Amino acid sequence: EAAVTQSPRNKVAVTGGKVTLSCNQTNNHNNMYWYRQDTGHGLRLIHYSYGAGSTEKGDIPDGYKASRPSQENFSLILELATPSQTSVYFCASGDQGQGYTEVFFGKGTRLTVV
Amino acid sequence: GDSVTQTEGLVTVTEGLPVMLNCTYQTAYSDVAFFWYVQYLNEAPKLLLRSSTDNKRTEHQGFHATLHKSSSSFHLQKSSVQLSDSALYYCALGGNNRIFFGDGTQLVVKP
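Going along each chain's sequence as written, the residues are numbered from 1 onward. Numbering of ligands from 1 and lettering of chains from A proceed in the order in which they are written. Whole-chain, interface and lining totals are the exception, using all residues; otherwise, since this is a predicted model, local features are given only for residues with pLDDT of at least 70 and side-chain atom pairs are given and counted only at 80 or more. To get the side-chain values, take all heavy atoms of the structure and skip hydrogens and water.

## Digging into the overall build of chain A
Then, in step 1: When helices and strands are counted, chain A shows zero helices and 11 strands.
Then, in step 2: The numbering of helices and of strands both runs from the N terminus, where a helix is a DSSP run of H or I of at least 4 residues and a strand a run of E of at least 2. Each helix and strand of chain A, placed in order from N terminus to C terminus, yields the pattern β-β-β-β-β-β-β-β-β-β-β.
Then, in step 3: Relative to the 2.2 N^0.38 estimate, which gives 13 Å for 114 residues, the radius of gyration of chain A is 13 Å and therefore close to what a compact globule would have.
Then, in step 4: By its C-alpha atoms, chain A is 45 × 30 × 25 Å across when sized along the principal axes.
Then, in step 5: The buried share among the 114 residues of chain A stands at 50%.
Then, in step 6: Across chain A, every contact between residues at least 6 apart in sequence was considered, and the portion connecting residues at least 24 apart equals 54%.
Then, in step 7: Reported accessibility uses the Shrake-Rupley method at a 1.4 Å probe radius. Residues are deemed covered only where the shown protein chains occlude them. Total accessible area on chain A is roughly 5,200 Å²; 48% of this is exposed by carbon and sulfur atoms.
Then, in step 8: Charge counting follows a simple rule: Lys and Arg are positive, Asp and Glu are negative, and His as well as the terminal groups are ignored. To locate a charge, take atom NZ for lysine, CZ for arginine, CG for aspartate or CD for glutamate. If the 10 positive side-chain charges of chain A are averaged to one point and the 9 negative ones to another, these points end up 10 Å apart. Between the two quantities, the radius of gyration covers C-alpha atoms and the globule rule is 2.2 Å times the number of residues to the power 0.38. Three labels apply to residues, based on accessible area from a 1.4 Å probe with only protein chains included: buried if under 20% of the type maximum, exposed if over 50%, partly exposed otherwise in between. By definition, residues are in contact when any of their heavy atoms lie within 4.5 Å.

## A closer look at the pattern of salt bridges
Then, in step 1: We define a salt bridge as a side-chain nitrogen of Lys or Arg found within 4 Å of a carboxyl oxygen belonging to Asp or Glu. One pass over the full model with this rule turns up six salt bridges over all chains.
Then, in step 2: A salt bridge links A:R44 to A:D38; the nearest nitrogen and oxygen atoms lie 2.9 Å apart.
Then, in step 3: Between B:R98 and A:D59 there is a salt bridge whose closest N-O contact spans 3.6 Å. In this pair, B:R98 sits in strand β11 (residues 98-101) while A:D59 sits in the loop between β6 (56-57) and β7 (65-67), so the two residues belong to two different chains.
Then, in step 4: For A:D59, a relative accessible area of 54% corresponds to the exposed category.
Then, in step 5: By sharing partners, the salt bridges in this structure join A:R36, A:D38 and A:R44 into a single network.

## Digging into the layout of surface pockets
Then, in step 1: Here a cavity denotes a set of grid points, spaced 1 Å apart and computed over the protein atoms alone, in which a 1.4 Å probe fits but from which it cannot get out, and a pocket denotes an open set meeting protein on both sides within 12 Å along at least five of seven lines; residues with an atom within 4 Å of a point are reported as lining. Grid points are joined across faces, edges and corners, and a volume is the space filled by probe spheres set on the points. Its boundaries defined by the atoms lining it, the largest pocket holds a volume of some 650 Å³.
Then, in step 2: Around the largest pocket, the lining comprises 28 residues; the ones closest to its centre are A:Q37, B:Q39, B:L41, B:N42 and B:L88.
Then, in step 3: Looking at the lining of the largest pocket, the elements with two or more residues in it are β4 (31-38), β9 (87-97) and β11 (109-113) of chain A together with β10 (87-95) of chain B.
Then, in step 4: Residues are sorted three ways: Asp, Glu, Lys and Arg are charged, Ala, Val, Leu, Ile, Met, Phe, Trp, Tyr, Cys and Pro are nonpolar, and all the rest, Gly among them, are polar. Taken together, the residues of the lining of the largest pocket break down into seven nonpolar, 15 polar and six charged.

## Section: the sheet that holds strand β8 (residues 63-66) of chain B
Residues and elements named next belong to chain B.
Then, in step 1: Here, strands pair whenever DSSP counts at least two bridges between them. If you walk across this open sheet you meet the four strands as β3-β9-β8-β7, and the pairing is antiparallel. The open sheet has two free edges, formed respectively by β3 (19-21) and β7 (57-60), since each of these has just one partner strand. When the angles between neighbouring strand axes are averaged without regard to direction, this sheet yields 20°.
Then, in step 2: Sheet analysis places β7 next to β8, joined by four bridges and oriented antiparallel. When the sheet's bridge partners are listed, E59 is paired in β8 with H64. A fitted line through C-alpha atoms serves as each axis, taken over the contacting stretch for helices, and the angle formed by two N-to-C directions is quoted from 0 to 180°.

## So, the side chain of B:T105
All names here are of chain B.
Then, in step 1: Tracing the backbone through its elements, the reader meets T105 in strand β12 (residues 105-110).
Then, in step 2: At a separation of 2.6 Å, a polar atom in the side chain of T105 contacts the main-chain carbonyl oxygen of E8.
Then, in step 3: Once you skip the residues sitting within four places of it in the chain, T105 turns out to touch Q6, E8, G9, V11, L21, A87, L88 and Y89. A 3.5 Å cut-off defines polar contacts: any pair of N or O atoms within that distance qualifies, except that in protein one atom must be a possible hydrogen donor and the other a possible acceptor, and neighbouring residues in sequence count only when both atoms are side-chain atoms.

## A word on the packing of aromatic side chains
Then, in step 1: Put simply, two rings from Phe, Tyr or Trp (the six-membered ring, in Trp's case) pair if the centres are within 6.5 Å, and we call them stacked under 30 degrees between planes, edge-to-face over 60, tilted for the rest. Enumeration over the complete set of coordinates arrives at 15 aromatic pairs over all chains.
Then, in step 2: On the basis of an interplanar angle of 45° and a centroid distance of 4.3 Å, the ring pair of B:Y25 and B:F34 is categorised as tilted.
Then, in step 3: The rings of A:Y33, A:Y35, A:Y48, A:Y50, A:F90, A:F105, B:F35, B:Y37, B:Y90 and B:F101 are connected pair by pair, giving a single aromatic cluster.

## Examining the interface of chain A and chain B
Then, in step 1: Listed by partner, the interface residues are 22 residues for chain A and 22 residues for chain B.
Then, in step 2: For the pairing of chain A and chain B, the buried interface totals around 1,800 Å² over both sides, and the portion due to carbon and sulfur atoms is 52%.
Then, in step 3: Counting across the chain A and chain B interface gives one salt bridge.
Then, in step 4: Counting across the chain A and chain B interface gives three residue pairs in polar contact (both at pLDDT 80 or more).
Then, in step 5: Secondary structure elements with two or more residues in the side of chain A that touches chain B: β4, β5 (42-49), β9 and β10 (100-105) of chain A.
Then, in step 6: Of all the elements, β10(A) adds the most residues to the side of chain A that touches chain B, at five residues.
Then, in step 7: Among the residues forming the side of chain A that touches chain B, the class breakdown is 10 nonpolar, eight polar and four charged. Accessible area, probed at 1.4 Å, shrinks when two parts are joined; the buried area is that loss added up over both.

In short, geometric facts, not functional conclusions.
Quick look at the structure:
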């Protein structure tokens, strides 16, 4: 089964501080994704990547940056964290196989910005 | 654009009764698949079932869904729910290196 590992699992950050959420996958998937999950909004795509060195904006990219230094690693960066970014963040990896894309999720990072 | 619509935010069902969670979609892609993901409390979403074949029933863990391209639907059904089925269910479509999720339906099963 696909293995996606997120760190940290919980984080408390100060408003205006920098936060980096890390994600590692061992499935050799080309694609990686960052979602946030809020009650009433489901899973919303922040950034995604097709491979090392590439990042693409998702549906809600404002206030976030992403970095994909290698096939295995994909980071989400909040340069100036705000309380509105308090949420649960999920990383996922997947591939366009057999004509469609399927994703596998990490266990999530609960971020609280105070 | 591509989108997935789940009309019910919350569905409450008594244990032992049937349930259907609605999912409709809009897509311009031809090579796509449709998914139901389930998320239990404090866990990550995980795949429940998947389909890309029109009018073919797909089953897993007692749940089933049939893709109907004529009505752009992929509803999830179970004939007799259990307390352990209480969870958040996401309908999704995947294609062209993207996956699009609906807003999710919270299923609560009461004794």
